[in-house]
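Architecture at a glance
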Amino acid sequence: EFPGCMSLFNYEGCLSSHGGWVTSVVSCADDATLVSGSRDNHLMIWNMTEQQTAGVPGVPVKCLEGHAHFVSSIAMSSDGAFALSGSWDHTLRLWEVATGRCIRTFKGHTKDVLAVAFSADNRHIISCGRDKTIRLWNTVGEVKKVYSDKPHSEWVTSVAITPSEAAEETLVLSAGWDNKVKAFKLLDGSHVADMEAHTGPVNSVVVSPDGTVAASAGKDGKVCLWKLTGEDKFTVSHTFDCGDHTINALAFCPTRFWLAAATNKGVIVFDLPAEAAVAEFDVAEPVDAEVEEVTKRFTPAAASIAWSQDGAKLFVGCADNTIRTFRCSQ
């Protein structure tokens, strides 16, 4: 058990328009828009500024339809104008956020797409999936490279791209059910490193906003922090042990050196310089203890997680088809 207290994050409300698990959630640059993806096969665009009632922190404004199976992953272009989605229908789709229009469908994967990512300059797209491949695309939907140098031997569940300005120096990090995190060069797909520390399938890999650290986590309940700079890069700098939590997703805070983990039991937030958890809480709605026995609270698993761009809120996509929002009091 962590000493972290719930009081650091206060429950704000619930967004509920999806008809399936919320598998991905991303806040756009101005924090006025939230985009989510779900096992109902749809993406939803939310207006987060027009608060209708207490406990409802946003309004659904567009439902993006087109995928024929679960939406597994969403990435936003840096200007917030475009959303990229990956789906179990084996395709990626590029959407115009303002209109909700699907501009392009990317076909090439032979099985479920599990994760998608944009490069910092929005010119390159990376995807991965159950066909065990990582693919590099241009924005018009052409596959430029299938990474074949020392690839994963199992499903590839997650990809992240380092925020380097120079494409030649940019790395792609991937996580797989072969228990490995790998690093590749973005453009030519050459293998750079195997990062081995996990003892079970890895569900998520993310890169810090400054590009100096990566974090990975999965079924072994461990969050590994990896150095991405210096002579000892690609080595573990610290490990957080979350016990019997399966960790489904990770998100670096954009404004301070914190990392949030979405687990089957809720959310854990780590302060990286302090090497400590600062908060641990479930995502169930608060109940009035006098009205209802607390033991009856239903606590859904946290399937996805994102910070607001100002670092003040956490958005948690849940297995009960909702997005729960929490405000940081610090």
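One can find the structure itself at the top, above this paragraph.
Just so you know, these numbers come straight off a predicted model, no measurement behind them. (Residues numbered from 1 in each chain as written. Predicted model: local features only at pLDDT ≥ 70, side-chain atom pairs only at ≥ 80, totals over all residues. Heavy atoms only, no water.)

**A look at the sheet that holds strand 19 (residues 213-218)**
- The four strands are arranged 18-19-20-21 in an open sheet whose pairing can be described as antiparallel. Where the open sheet ends on each side, the last strands, each with one partner, are strand 18 (202-207) and strand 21 (236-241). Ignoring strand direction, the axes of neighbouring strands in this sheet form an average angle of 15°.
- Relative to strand 19, strand 18 runs antiparallel, the two being bridged by five bridges. Residue S204 lies in a different strand from strand 19, and its bridge partner there is A217. (Pairing = 2+ DSSP bridges. Helix = DSSP H or I, 4+ residues; strand = E, 2+ residues; numbered from the N terminus. Axes fitted to C-alpha atoms, helices over the stretch in contact; angles between N-to-C directions.)

**Some thoughts on the packing of aromatic side chains**
- Here the structure, examined in full by the defined rule, presents twelve aromatic pairs.
- Plain terms: the ring middles of F9 and W258 are 6.4 Å apart, the flat faces sit at 55° to each other, and that makes the pair tilted. With a gap of 249 residues between them, F9 in strand 1 (residues 9-15) and W258 in strand 23 (residues 258-263) connect regions that are remote in the sequence. The two residues F9 and W258 agree in class, both being buried.
- Sitting over the ring of W88, R130 keeps its end group 4.4 Å from the ring centre.
- The ring of W155 carries the charged tip of R130 above its face, separated from the ring centre by 4.1 Å. (Phe/Tyr/Trp six-rings, centres within 6.5 Å; stacked < 30°, edge-to-face > 60°. Buried < 20%, exposed > 50% of the residue type's maximum accessible area, 1.4 Å probe, protein only. Lys NZ or Arg CZ within 6 Å of the ring centre and 35° of its normal.)

**Digging into the pattern of salt bridges**
- For the structure shown, the criterion picks out eleven salt bridges.
- The partner of D112 in a salt bridge is R130, and the shortest N-O contact between them spans 2.4 Å. Taken as a pair, D112 in the loop between strand 9 (101-107) and strand 10 (113-118) and R130 in the loop between strand 11 (124-129) and strand 12 (134-138) lie far apart in primary sequence, 18 residues in all. Both residues of the pair, D112 and R130, belong to the buried class.
- A cluster of three or more residues bridged by salt bridges with shared partners is formed by E12, K313 and R327. (Salt bridge = Lys/Arg side-chain N within 4 Å of Asp/Glu carboxyl O.)

**Quick notes on the side chain of T91**
- Checked against the element boundaries, T91 lands in strand 8 (residues 91-96).
- Take T91: its relative accessible area is 9%, and that puts it in the buried class.
- Here the side chain of T91 touches D89 through a polar contact of 2.7 Å, side chain to side chain.
- The contacts of T91, once residues within four sequence positions are left out, are H67, S85, G86, T105, F106, K107 and V113. (Polar contact = N/O pair within 3.5 Å; in protein donor to acceptor, adjacent residues only side chain to side chain. Contact = heavy atoms within 4.5 Å.)

All we've got here are geometric facts, nothing functional implied.
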